[in-house]
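Structure at a glance
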2 protein chains.
Amino acid sequence: MALITYHNQMDIDFGAIERIGAALKKNGISRPLICTDKGIVDTGIYDALRLALPNDIAATVFDETPGNPTEVAVDAALKLYRENDCDGVIAIGGGSSIDLGKGVALKASHDGPIINWSAVRGGRDKIGVAPPIIAIPTTAGTGSEVGGGTVIVTEDGQKVVIASPYLLPKIAICDPNLTLGLPKHLTAATGMDAMAHCIEAYLTPVINPPAAAIGLDGLERVVKYLKRAVDNGQDKDARWNMMMAASEGAMAFSKGLGAVHSMSHAVGALPELGAHHGTLNAVLLPAVLRFNADHVGNKYEKIRRAMGLEIGADISNWITEFNRTLGLPANLAQMGVTEEMIPALARHCMTDACHFTNPVQPSVEQYESLYREALNAE
Amino acid sequence: MALITYHNQMDIDFGAIERIGAALKKNGISRPLICTDKGIVDTGIYDALRLALPNDIAATVFDETPGNPTEVAVDAALKLYRENDCDGVIAIGGGSSIDLGKGVALKASHDGPIINWSAVRGGRDKIGVAPPIIAIPTTAGTGSEVGGGTVIVTEDGQKVVIASPYLLPKIAICDPNLTLGLPKHLTAATGMDAMAHCIEAYLTPVINPPAAAIGLDGLERVVKYLKRAVDNGQDKDARWNMMMAASEGAMAFSKGLGAVHSMSHAVGALPELGAHHGTLNAVLLPAVLRFNADHVGNKYEKIRRAMGLEIGADISNWITEFNRTLGLPANLAQMGVTEEMIPALARHCMTDACHFTNPVQPSVEQYESLYREALNAE
């Protein structure tokens, strides 16, 4: 059985941010809470949004989104939301700001802690109508702007995955101009996040041919345009295509994700490392793709075709080399992971929602092996 | 600018029709009007639906859908809808029944004749909420089950295209078991309709990469599975994939269609011919693809790749040969079109909504040439 649903509205265009007023009006928002972070304020992107807002909109801003959004930050933003009688969310920034915005919309309309609404506790069936969200991504990676999922770190350090169609932004305003100033290392890391989404979503056993086709199309764009965007941040064609690829990655993962993500979520839940999610995915992809190879039927042929590789080419080796040319780390050790952390990380993986849609479910021991392979890769 | 929206829910599965009760309940329908045709009644598919309906559902049936749905038939069904205080539509059958069901939902909630709501008169922006529709396709071709479009013939013989997200079925119940008994010639003709959707949608200049990717995926399935479904109607794998391809074709044509469709709509509006829409598309594809070749950038390379053809292979010739192996007519003359009809047909094309999204807009003279080419093709 395949239940296939498509998604929200996406307005992708240079200058699309100018249409924020129409988007607010259409969704009945007059007192939005703007969820963002200090970087967006410092780079002037926040000012661009404020300038585009109509005069009759009374906006409140929360600009303290952490690198990995926490429930503590969600609660701080929620306090502002309630104090200012907000009626919707504008989430502008990378995946963290958009994920935080979804957390605020959830808690503004649903009582109790975040963990109660987690995907593994059946949250998808329990979550109802939430305030409208408008998402404006400023990176091309997470695709959170076109998905109903969010990842929030609880006070006790759990990285909780929540997913509901009611948390899907009403509209994603994808303005590639907002990504022109993104530094090389963030362009590379977020772009590899998009690649991981496209590949992992395609590989899940969930039957959803439209999502699979979208994932392969996104993968083709990443291979074609990511290096260009990293080499020249002002390459508008590359920026447009990476923004599209990022959204396609998230459209594709309506089909679920896999072990790359269960493993990166576990590492990302360690606040002392401050590891970037996309970078983790980039570093983890080669090992997981080797592990999955015998459980994917002929899917690697289609992946190679989308990537423009020769028949039989080693996808993992190609990605390792690609990471190198993008200036990304070669292994988890360079990101602060140590051998001692591995047993706990492996156990964390077993409870992650993405674990269950990998082509085959790794055991704890297999997760440990995968971490070791990625720990010392060259 | 690209505005990208996805779509309704699709439940594709052998035996999916058993879930009609849940679909009605979810959409608040207790007194549905079932829109269908005599063929569906005669083949027992209607009985399968009635058996699957819960006891507390009070259904009314309209089973007089013509081959090309007319406004007269819509009005007859609407009369039943109102007399029985219906609160939603179940459209079960080929594209005609589903299109008729959309016409009923439209007129049940919008005053005035069908022509007032046509796409070329700005209907998309004027049409509001309509009663919920549940679509159950019994052919794999039109994809009307996952689209918000309908084509209705007015009393004066115009074939009117109407499109609105409010006419999108709330859920498409795609049960390939319902297509197992479809005769060879209808399997072939409806399957070629799906191919035409996938190709024409991909070729429009509208920017929508997810829809384009879905179209190419559907095209790949048609090439791989249509002949198998025609040769052996009981080939369940082929039937599932053709049903998926048909829905993918319609998801893709959220991007619009082209001259194949403007030309087939014109012929289809002639009641004296009773020409099958999918068959017309099959016969028209080769000429239109030759005409478009210089206006599609490198898109034919991707079409060839999806079809499994060699680099540089002649797509038109391949389709002509494919039509032959499927037992379809070689030309329009075999379908009753004559040289005398061509000028009026060509003029009809110029007002069709699909005309405007062809890669380049043919002139009246060019439409005449295209009709002549398809009239006598061998």
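Residues numbered from 1 in each chain as written. Chains lettered and ligands numbered in written order. Predicted model: local features only at pLDDT ≥ 70, side-chain atom pairs only at ≥ 80, totals over all residues.

**Section: the overall build of chain A**
Of the regular secondary structure elements, chain A holds 15 helices and nine strands. In summary, chain A has a C-alpha radius of gyration of 19 Å against a globular reference of 21 Å for 378 residues, a match within 12%. Structurally, chain A occupies a C-alpha span of about 60 × 45 × 40 Å along its principal axes. Taking the contacts inside chain A whose residues are at least 6 apart along the sequence as the reference set, 82% of them involve residues at least 24 apart. (Helix = DSSP H or I, 4+ residues; strand = E, 2+ residues; numbered from the N terminus. Rg over C-alpha atoms; globule rule 2.2 N^0.38 Å. Contact = placed C-beta atoms within 7 Å.)

**Observations concerning unusual backbone geometry**
Even without glycine at this site, Asp 85 of chain A takes up a positive phi of about 50°. Tracing the chain through its elements places Asp 85 of chain A in the loop between α4 (71-83) and β5 (88-93).

**Some thoughts on the domain arrangement of chain A**
Residues and elements named next belong to chain A. Taken domain by domain, chain A comprises domain 1 (9-178) and domain 2 (183-375). Computed from C-alpha atoms alone, the centre-to-centre distance between domain 1 and domain 2 is 24 Å. Facing 26 residues of domain 1, the contacting portion of domain 2 comprises 27 residues. Contributing elements (two or more residues each) for the side of domain 1 that touches domain 2: β2 (9-12), β7 (149-153), β8 (159-163) and β9 (171-174). (Domains from an automatic or database assignment.)

**Some thoughts on the pairing of strand β6 (residues 133-137) of chain A**
All names here are of chain A. For β6, a buried count of five out of five residues is recorded, marking the element as mostly surrounded by other parts of the structure. By the alternation rule, side chains of β6 split into Ile 133, Ala 135 and Pro 137 and Ile 134 and Ile 136, which are all buried. Here β5 runs beside β6; their pairing, made up of five bridges, is parallel. Bridge assignment links Ala 91 to a residue of β6, and that residue is Ala 135. Bridge count between β6 and β9: two bridges; the pairing is parallel. (Buried ≥ 20, exposed ≤ 12 C-beta atoms within 10 Å, placed from the backbone. Pairing = 2+ DSSP bridges.)

**Some thoughts on helix α10 (residues 259-268) of chain B**
All names here are of chain B. In terms of burial, α10 is a largely internal element, 10 of the 10 residues being buried. Along α10, the residues classified as buried are Ala 259, Val 260, His 261, Ser 262, Met 263, Ser 264, His 265, Ala 266, Val 267 and Gly 268. Packed against the buried residues of α10 are β7 (149-153), β8 (159-163), α7 (184-203), α11 (277-292), α14 (342-349) and α15 (364-375).

**Observations concerning the packing of helix α7 (residues 184-203) of chain A against helix α11 (residues 277-292) of chain A**
For any two helices packed against each other, the geometry comes down to the angle between their axes and how far apart the axes lie. All names here are of chain A. Packing of α7 against α11 brings their axes to within 7 Å, and their N-to-C directions diverge by 35°. Viewed along their axes, α7 and α11 form a crossing whose handedness is left-handed. Mapping the contact onto sequence places Ala 189, Thr 190, Met 192, Asp 193, Ala 196, Ile 199 and Leu 203 in α7 and His 277, Gly 278, Thr 279, Asn 281, Ala 282, Leu 285 and Asn 292 in α11. Its residues assigned to classes, the contact of α7 with α11 comprises seven nonpolar, six polar and one charged. (Axes fitted to C-alpha atoms, helices over the stretch in contact; angles between N-to-C directions. Left-handed = near helix turned anticlockwise from the far one by under 90°. Nonpolar A, V, L, I, M, F, W, Y, C, P; charged D, E, K, R; others polar.)

**A few points about the environment of Val 288 of chain B**
Residue and element names in this part refer to chain B. Position of Val 288 relative to the elements: it lies in helix α11. C-alpha of Val 288 to C-alpha of Asp 111: the two residues are 177 residues apart in sequence and 38 Å apart in space. Those residues within four positions of Val 288 in sequence are excluded, and the remaining contacts are Gly 258, Ala 259, Val 260 and Leu 370.

**Focus: the environment of Leu 345 of chain A**
All names here are of chain A. By the element assignment, Leu 345 lies in helix α14 (residues 342-349). Separated by 82 residues in the primary sequence, Leu 345 and Met 263 have C-alpha atoms spaced 7.3 Å apart. In this structure Leu 345 touches Ala 266, Val 267 and Tyr 371, once residues within four positions along its chain are discounted.

**Some points on the pairing of β8 of chain B**
In summary, the side chains of a regular strand alternate between the two faces of the sheet. Residues and elements named next belong to chain B. Summarising burial for β8: five of the five residues are buried, a large majority. Neither face of β8 is exposed, since Lys 159, Val 161 and Ala 163 on one face and Val 160 and Ile 162 on the opposite face are all buried. Pairing geometry for β7 and β8, over five bridges, is antiparallel. Counterpart to Val 151 in the pairing with β8 is Val 161. Between the antiparallel neighbours β7 and β8 lie five residues, among them Gly 157 with a positive phi of about 90°.

**A closer look at helix α3 (residues 45-52) of chain A**
All names here are of chain A. For α3, every residue scored as buried is listed here: Ile 45, Tyr 46 and Leu 49. Across the axial projection of α3, the buried residues extend over an arc of 105°, all falling on one side. Exposed residues on α3 whose side chains face more than 90 degrees from its buried face are Asp 47 and Leu 51. Among the structural elements, α1 (20-26), α2 (38-42), β5 and β6 are those in contact with the buried residues of α3. (Arc of directions from axis to C-beta.)

**Considerations on the packing of helix α8 (residues 209-231) of chain A against helix α9 (residues 236-252) of chain A**
Residues and elements named next belong to chain A. Two numbers describe how α8 lies on α9: the axes approach to 8 Å, and their chain directions differ by 150°. Between α8 and α9, the crossing angle belongs to the class labelled roughly antiparallel. The way α8 lies across α9 gives a crossing that is left-handed. Here α8 contributes Ala 211, Ala 212, Ile 214, Gly 215, Asp 217, Gly 218, Arg 221, Val 222, Tyr 225, Leu 226, Arg 228 and Ala 229 to the contact with α9, which in turn contributes Ala 238, Arg 239, Asn 241, Met 242, Met 244, Ala 245, Glu 248, Gly 249, Met 251 and Ala 252. Residues that form the contact of α8 with α9 fall into these classes: 13 nonpolar, four polar and five charged. (Parallel < 35°, antiparallel > 145°, perpendicular 65-115°, else oblique.)

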